[in-house]
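What follows is each chain in one-letter form.
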Amino acid sequence: MEQKIMIQFSQEQLEKVNQIIARYPEGKQKSALLPVLHLAQEVFGWLSTETMDYVAALLQIEPIEVYEVATFYTMYNLKPVGKYVFEVCQTGPCMIQGSDDIIAYIGERLNIKPGETTEDGLFTLKVAECLGACGYAPMMQVGKFYKEHLTKEKVDAIIAECRNNVSVNN
Amino acid sequence: MSSQKLLLENAHIEGIRYYDVYRKNGGYRSVEKALKMAPDEVVEEVKKSGLRGRGGAGFPTGMKWSFIAKPEGVPRHLVCNADESEPGTFKDRYLMEFLPHLLIEGLIVSSYALGSNVTYIYIRGEYAWIPDILEQAIAEAKANGFLGKNILNSGFDCEIYVQRGAGAYICGEETALIESLEGKRGNPRIKPPFPAVKGAWDRPTVVNNVETLAAVVPIINIGGEEYAKIGVGRSTGTKLISACGNINKPGVYEIDMTISVEEFIYSDEWCGGIKSGKRLKACIPGGSSVPILPANLLLKTAKGESRIMNYESLSDGGFATGTMMGSGGFIVLDEDQCVVKHTYTLARFYRHESCGQCSPCREGTGWMEKLLLRLDQGQGKLSDIDLLWDIQSKIEGNTICPLGDAAAWPVAAAIRHFRDEFEWHITNAAEAQTRNYGLAHYADPLPVSEPVAV
Ligand SMILES: Cc1cc2nc3c(=O)[nH]c(=O)nc-3n(C[C@H](O)[C@H](O)[C@H](O)COP(=O)(O)O)c2cc1C
Ligand code: SF4
Ligand code: FES
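Residues numbered from 1 in each chain as written. Chains lettered and ligands numbered in written order. Predicted model: local features only at pLDDT ≥ 70, side-chain atom pairs only at ≥ 80, totals over all residues. Heavy atoms only, no water.

- Under an unreviewed UniProt entry, the name given to chain B is NADH-quinone oxidoreductase subunit F, and the organism recorded is Niabella drilacis.
- What the UniProt record of chain B gives under Function (unreviewed entry) is the line "NDH-1 shuttles electrons from NADH, via FMN and iron-sulfur (Fe-S) centers, to quinones in the respiratory chain."
- Chain B has a UniProt comment under Sequence similarities (unreviewed entry) that states "Belongs to the complex I 51 kDa subunit family." (UniProt positions renumbered as here; feature names shortened; annotations may be inferred.)

- Looking at an unreviewed UniProt entry, one finds chain A named NADH-quinone oxidoreductase subunit E, with Niabella drilacis as its source organism.
- Heading Sequence similarities (unreviewed entry) of the UniProt record for chain A holds this comment: "Belongs to the complex I 24 kDa subunit family."

Here it is, written out as structure tokens:
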């Protein structure tokens, strides 16, 4: 069921926003945009137009200034994504360690292609470019952390762990 | 032969990530020492050390610092470049994860030298767990009087803030980084004005790499002159190398710049040789942007001398037969790897990361990617190789920022040294889909060039 989320930071989150703004010179609160968008994405899951407009108002800048930035950087999700996003690096050093096979295997296991989300909304598969883990390839980012030295068995275990987390938390 | 360690010496001490352990092992001595010196004397030590920027360009750090403008009443800023996104490079991550206090210590000393009361660390957004580590180190340093107001009663105030990027290689370029710090798209600025005059919020700004700023700690501790004695020529001190690809021991290593490339690859102290007993085919020794070399030219220069892991030796022969130290991202390819496919992934990377401001870069990177994919899939024509060459030559030197060059060089070098492998993908297209070209002649000893009589 589609849930309507109120786009509004909590008091605590607003305090965090003010702390971020305070890092920059007086009147340069726009500088806080990237960190505040990260926070907004963490709280609301993705950056809807409504969310971006809300951030613009908070930082007293034009909405277009937020759209420009949100569309430039790859980490901002401009549409909803799964609860777990698998971002598999495919650049040279990972490619020679078999990242193509890992991408194909995850796609097969989850029955989705890169860029897609599973029907249950649990997983999104994405391909990524070098994530700075080339010596520990193949690898992927899942949320805040890296999963490195991937094998098919490891992928299975990660998928199982995610599913398990969900059933425990619900 | 073992290299002297100046940065990673204590990396394996349990708990070194925390202030107490770090301090007990000699941490923050350089701050105590530097704050008793005049800021210009600190800059002078860094000049004497011969330290060159570790972010890729190798520009002398002390000289860069001496360019910072000092207009009356205008704040200045130091910004630490922790964007680390050049394929093959993962050394800054290692430093920040395991030795966060070393970076913070280097930042305090460098901020003092430059007169930066508010210093920023701009870290790539994907390193999402590292800001917590850095912020804890900052809080600990502050609690112990090494940050904040009137540090060690010197009258110097300093705060350090961490800002995450959000996924854009181009934000590693210093003017794009500044734009991003200001909350904008990462479009590089036209230089001049240089950041040292007009940087973040139009204030004089110095951007330096993580490793560069960490190296300031040993420089102050042992003195610039002592530091300059390590290494050779204009490659002074130690360098972190992140090694990856088909080797037995991928990882981050600190070397003094006197060991040979051969030793680095085959010694058990470093990469431990090629994995599964395979043979070395090619290597990109300084991050994806620097020219790829076949095994024979990698291990020996065209003059037949053994190639050494330093700025001068790696670039010996220019682009015709040499490469570059770059960021120290050392990518090793064994005999089973396909240079065409590897080059294709790099072209895809640069197309993905081009900010799109200049047409030679925006259009050229996309075109190169398409041609390389076609070649890799066995649908290329012989004329595509010349076309690729033509495109890369039209990008190089014709763009606002060096990403254009960085995209052109890997393609140019691959064609320069591996042209027959490219041709084979066309002449033997069907076969190329079932096996790869292999080692061919790429490890054969080079003909010794006779001195030409004039
Ligand atoms: C496309 C591009 C990406 C770059 N990425 C980085 C990077 O991730 N980290 C870095 O330190 N320097 C990077 N640089 C170099 C910076 O522009 C700058 O030269 C460097 O941060 C200066 O610091 P250093 O003198 O200490 O090396 C990049 C340059 C370009 C053109
Ligand atoms: S060279 Fe490429 S990345 Fe650099 S400014 Fe031009 S378009 Fe942007
Ligand atoms: S190439 Fe995959 S992490 Fe660097």
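This is not the end of the story, as more comes after the structure.
## As for the overall build of chain A
Part 1 of the argument: In terms of helices and strands, chain A carries 7 helices and 4 strands.
Part 2 of the argument: Moving toward the C terminus, one meets the helices and strands of chain A in the order α-α-α-α-β-α-α-β-β-β-α.
Part 3 of the argument: Reported as C-alpha extents along the three principal axes, the dimensions of chain A are approximately 50 × 40 × 25 Å.
Part 4 of the argument: Of all intrachain contacts in chain A linking residues separated by at least 6 positions in sequence, the fraction that spans at least 24 positions is 61%.
Part 5 of the argument: Roughly 8,600 Å² of accessible area belongs to chain A as shown, and the carbon and sulfur atoms make up 49% of that amount.
Part 6 of the argument: The centroid of the 15 positive side-chain charges in chain A is displaced by 3 Å from the centroid of its 22 negative side-chain charges. (Helix = DSSP H or I, 4+ residues; strand = E, 2+ residues; numbered from the N terminus. Contact = heavy atoms within 4.5 Å. Areas by Shrake-Rupley, 256 points an atom, 1.4 Å probe, with all protein chains shown as cover. Lys, Arg positive; Asp, Glu negative; His and termini not counted. Charge placed at Lys NZ, Arg CZ, Asp CG, Glu CD.)

## Structural notes on the site of ligand 1
Residues and elements named next belong to chain B.
Part 1 of the argument: Close to ligand 1 lie 18 residues; Gly55, Asn81, Asn208, Asn209 and Thr212 are nearest.
Part 2 of the argument: At a separation of 2.7 Å, an oxygen atom of ligand 1 approaches a polar backbone atom of Gly55.
Part 3 of the argument: Relative to its unbound accessible area of 610 Å², ligand 1 is 89% covered by the protein chains.
Part 4 of the argument: Class assignment for the residues of the shell around ligand 1 results in 4 nonpolar, 8 polar and 6 charged. (Near = heavy atom within 4 Å. Polar contact = N/O pair within 3.5 Å; in protein donor to acceptor, adjacent residues only side chain to side chain. Nonpolar A, V, L, I, M, F, W, Y, C, P; charged D, E, K, R; others polar.)

## Quick look at the layout of surface pockets
Residues and elements named next belong to chain B.
Part 1 of the argument: Reported here for the second largest pocket is a volume of approximately 1,400 Å³.
Part 2 of the argument: In this structure, the second largest pocket is lined by 48 residues; those nearest its centre are Gly55, Gly56, Ala57, Gly172 and Glu173.
Part 3 of the argument: Residue contributions to the lining of the second largest pocket peak at 5 residues, all from strand E4 (residues 205-209).
Part 4 of the argument: Classifying every residue of the lining of the second largest pocket gives 19 nonpolar, 18 polar and 11 charged. (1 Å grid on protein atoms, 1.4 Å probe; cavity = no way out; pocket = protein on both sides within 12 Å on 5 of 7 lines; lining within 4 Å. Points joined across faces, edges and corners; volume = space filled by probe spheres on them.)

## Re the sheet that holds strand E2 (residues 118-123) of chain B
All names here are of chain B.
Part 1 of the argument: Across the sheet, which stays open at both edges, the 4 strands sit in the order E3-E2-E1-E4 with parallel pairing between neighbours. If you trace the sheet from one side to the other, it starts and ends with strand E3 (159-164) and E4, each paired once. The sheet shows a mean angle of 20 degrees between the axes of neighbouring strands, direction not considered.
Part 2 of the argument: For E2 and E3, the ladder comprises 6 bridges, and the chain directions are parallel. Bridge pairing links Ile121 to Val162 in E3.
Part 3 of the argument: On top of the sheet, helix H7 (residues 130-143) reaches E2 and E3; it is set at about 175 degrees to E3, its chief contact. (Pairing = 2+ DSSP bridges. Axes fitted to C-alpha atoms, helices over the stretch in contact; angles between N-to-C directions.)

## Some details on the side chain of Glu45 of chain B
Residues and elements named next belong to chain B.
Part 1 of the argument: You can see Glu45 is positioned in helix H3 (residues 39-49).
Part 2 of the argument: Look at Glu45 and you get buried, because its relative accessible area is 18%.
Part 3 of the argument: With residues near it in sequence (within four places) discarded, Glu45 still touches Met37, Ile219, Ile220, Gly223, Gly224 and Glu225. (Buried < 20%, exposed > 50% of the residue type's maximum accessible area, 1.4 Å probe, protein only.)

## Here we look at the interface of chain B and chain A
Part 1 of the argument: The interface is formed by 57 residues belonging to chain B together with 39 residues belonging to chain A.
Part 2 of the argument: Between chain B and chain A, roughly 3,800 Å² of surface is buried when both sides are summed, and carbon and sulfur atoms account for 58% of that area.
Part 3 of the argument: Connecting chain B to chain A are 5 salt bridges.
Part 4 of the argument: Linking Glu129 of chain A and Arg348 of chain B is a salt bridge whose minimum nitrogen-to-oxygen distance equals 3.3 Å.
Part 5 of the argument: Across the contact surface, chain B and chain A share 22 residue pairs in polar contact (both at pLDDT 80 or more).
Part 6 of the argument: Those elements that place two or more of their residues in the side of chain B that touches chain A are E2, H7, E3, helix H8 (174-181), strand E7 (238-245), strand E11 (329-334) and helix H15 (339-353) of chain B. (Buried area = accessible area lost by both parts, 1.4 Å probe. Salt bridge = Lys/Arg side-chain N within 4 Å of Asp/Glu carboxyl O.)

## Some points on the UniProt feature "binding site: [2Fe-2S] cluster" (unreviewed entry) in chain A
Residues and elements named next belong to chain A.
Part 1 of the argument: This chain's UniProt record puts "binding site: [2Fe-2S] cluster" (unreviewed entry) on Cys89, Cys94, Cys130 and Cys134. The greatest C-alpha distance among the residues just named is 9.0 Å, despite their covering 46 residues of sequence, which places them together in space.
Part 2 of the argument: If you trace the backbone, Cys94 turns up in helix H5 (residues 92-95).
Part 3 of the argument: The buried category is assigned to Cys94, whose relative accessible area is 3%.
Part 4 of the argument: In contact with Cys94, other than residues within four places in its own chain, are Cys89, Ser99, Ala137, Pro138 and Met139.

## Side note on the site of ligand 2
Residue and element names in this part refer to chain B.
Part 1 of the argument: Around ligand 2 sit 13 residues, and of these Cys355, Cys358, Cys361, Thr399 and Cys401 come closest.
Part 2 of the argument: Here ligand 2 is seated within the largest cavity.
Part 3 of the argument: Partitioning the shell around ligand 2 into residue classes produces 8 nonpolar, 5 polar and no charged. (Sits in = over half its atoms within 2 Å of the grid points.)

## A few points about the packing of aromatic side chains
Part 1 of the argument: Scanning the model with the defined rule gives 32 aromatic pairs over all chains in all.
Part 2 of the argument: Ring plane angle 45 degrees and centroid distance 4.8 Å describe the contact between Tyr94 of chain B and Phe98 of chain B, whose orientation is recorded as tilted. With a gap of 4 residues between them, Tyr94 of chain B and Phe98 of chain B both fall in helix H5 (residues 91-98), about one helical turn apart.
Part 3 of the argument: Classification of Tyr94 of chain B as buried rests on a relative accessible area of 13%.
Part 4 of the argument: Site record: aromatic cluster; members linked through ring pairs are Tyr24 of chain A together with Tyr120, Tyr161 and Trp201 of chain B.
Part 5 of the argument: Lying across the ring of Tyr311 of chain B, Arg52 of chain B places its NZ or CZ 4.2 Å from the centre.
Part 6 of the argument: In this arrangement the basic side chain of Arg124 of chain B is found over the ring face of Tyr127 of chain B, its NZ or CZ atom lying 5.5 Å from the centre. (Phe/Tyr/Trp six-rings, centres within 6.5 Å; stacked < 30°, edge-to-face > 60°. Lys NZ or Arg CZ within 6 Å of the ring centre and 35° of its normal.)

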